[in-house]
Amino acid sequence: MASPRDHAPVAELVEQLLSTDGPLPIVAAGDPVLRGGTERFDGQLGPALLSRFVEALRVTMRAAPGVGLAAPQVGVPLRIAVIEDPAPVPEEVRLARGRIPQPFRVLVNPSYEPVGPARAAFFEGCLSVPGWQAVVARHAAVRLTGEDERGRALDEQFTGWPARIVQHETDHLDGTLYLDRAELRSLSSNEAMAQRWTQPTPQEAARELGFRLPG
Ligand code: ZN
């Protein structure tokens, strides 16, 4: 059944969300807004409202904390996401996962395609699926196209952990959650992750939990 909110223009919805200060509430799995896909951004928010919305996404991502956040995760069905990863990890983890620092970026109307056949499998989590992580085999390198928040064209290759982040966030904009692509036998609580699966790669987890890694 439709609710009145379904018919409210998206700008009104965003104005409403921004009427209180601080981090926005994050929508959890089970809410249809995470599954319905998004509208391409085409000026539905004016420049001032867009910039306030982007700032709210940044504040919410940092407070969580997370390395990316897509508009549907705050209930807004627009094709916009933010990413940022200071990558505070030990050297061996950085090397194994390619987890290099990623400065704050706004992705508007992003889409990606694989660059080469290589896949990389690591544990990842999602702010909309709190408390859990699972291994996802993703393209090791992708070409991301789209725009930035000022409408300037974006066409860039991402590798390592940033490639994982942009795939995860762009998937959100298509109504896909990382669990749709995960090795479900790898599903681990945050407690299990902290106790058992802190190794730089998921090889031991694959052996012990009984799932396959690519390659
Ligand atoms: Zn997510």
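Scroll up to find the structure this text is about.
The structure displayed is predicted, hence computed values, not measured ones.

Draft legend 1. Structural context of the overall build of the protein chain. A count of helices and strands for the protein chain gives 7 helices and 8 strands. In terms of overall dimensions, the protein chain is globule-like: its C-alpha atoms have a radius of gyration of 17 Å, near the 17 Å expected for 215 residues. Taken along its principal axes, the extent of the C-alpha atoms in the protein chain is 50 × 35 × 30 Å. Out of the 215 residues in the protein chain, the part that is buried amounts to 45%. Counted over contacts in the protein chain with a minimum sequence separation of 6, partners at least 24 positions apart contribute 69%. In the structure as shown, the protein chain presents an accessible area of about 11000 Å², 52% of it carried by carbon and sulfur atoms.

Draft legend 2. Representation of helix 2 (residues 10–17) in the model. Looking at helix 2, one finds that the buried residues are Val-10, Leu-13, Val-14 and Leu-17. Along the axis of helix 2, the buried residues cluster in a sector spanning 95 degrees; they form a single face.

Draft legend 3. Layout of helix 3 (residues 47–63). The terminal C-alpha atoms of helix 3 lie 24 Å apart, and with 17 residues this matches the ideal 24 Å at 1.5 Å per residue to within 8%. For helix 3, the set of buried residues is Leu-49, Leu-50, Phe-53, Val-54, Ala-56, Leu-57, Arg-58, Thr-60 and Met-61. Looking at the buried residues of helix 3, the elements they touch are helix 2, strand 1 (68–70), strand 2 (80–85) and strand 3 (102–114).

Draft legend 4. Quick look at the packing of aromatic side chains. As enumerated under the stated definition, the model contains 1 aromatic pair in all. The lysine or arginine in question, Arg-58, covers the ring of Phe-104, its NZ or CZ lying 5.8 Å from the ring centre. In this arrangement the basic side chain of Arg-164 is found over the ring face of Trp-161, its NZ or CZ atom lying 5.3 Å from the centre.

Draft legend 5. A look at the coordination of the zinc ion. Protein-derived ligands of the zinc ion are Cys-126 (SG), His-168 (NE2) and His-172 (NE2), with the metal-ligand distances lying across 2.0 to 2.3 Å. Motif for the zinc ion, donor spacing along one chain: C-x41-H-x3-H. One end of the pair, His-168, and the other, His-172, are both in helix 5 (residues 160–173), 4 residues apart, so they sit about a helical turn from each other. Across the pair, exposure class does not vary: His-168 and His-172 are buried alike.

Rules of the game
- Residues numbered from 1 in each chain as written.
- Predicted model: local features only at pLDDT ≥ 70, side-chain atom pairs only at ≥ 80, totals over all residues.
- Heavy atoms only, no water.
- Helix = DSSP H or I, 4+ residues; strand = E, 2+ residues; numbered from the N terminus.
- Rg over C-alpha atoms; globule rule 2.2 N^0.38 Å.
- Buried < 20%, exposed > 50% of the residue type's maximum accessible area, 1.4 Å probe, protein only.
- Contact = heavy atoms within 4.5 Å.
- Areas by Shrake-Rupley, 256 points an atom, 1.4 Å probe, with all protein chains shown as cover.
- Arc of directions from axis to C-beta.
- Expected span 1.5 Å × (residues − 1).
- Phe/Tyr/Trp six-rings, centres within 6.5 Å; stacked < 30°, edge-to-face > 60°.
- Lys NZ or Arg CZ within 6 Å of the ring centre and 35° of its normal.
- Donors = N, O, S within 2.8 Å, 3.2 Å for Na, K, Ca; no water.

Interpretation note: all reported values are geometric properties and have no functional meaning in isolation.
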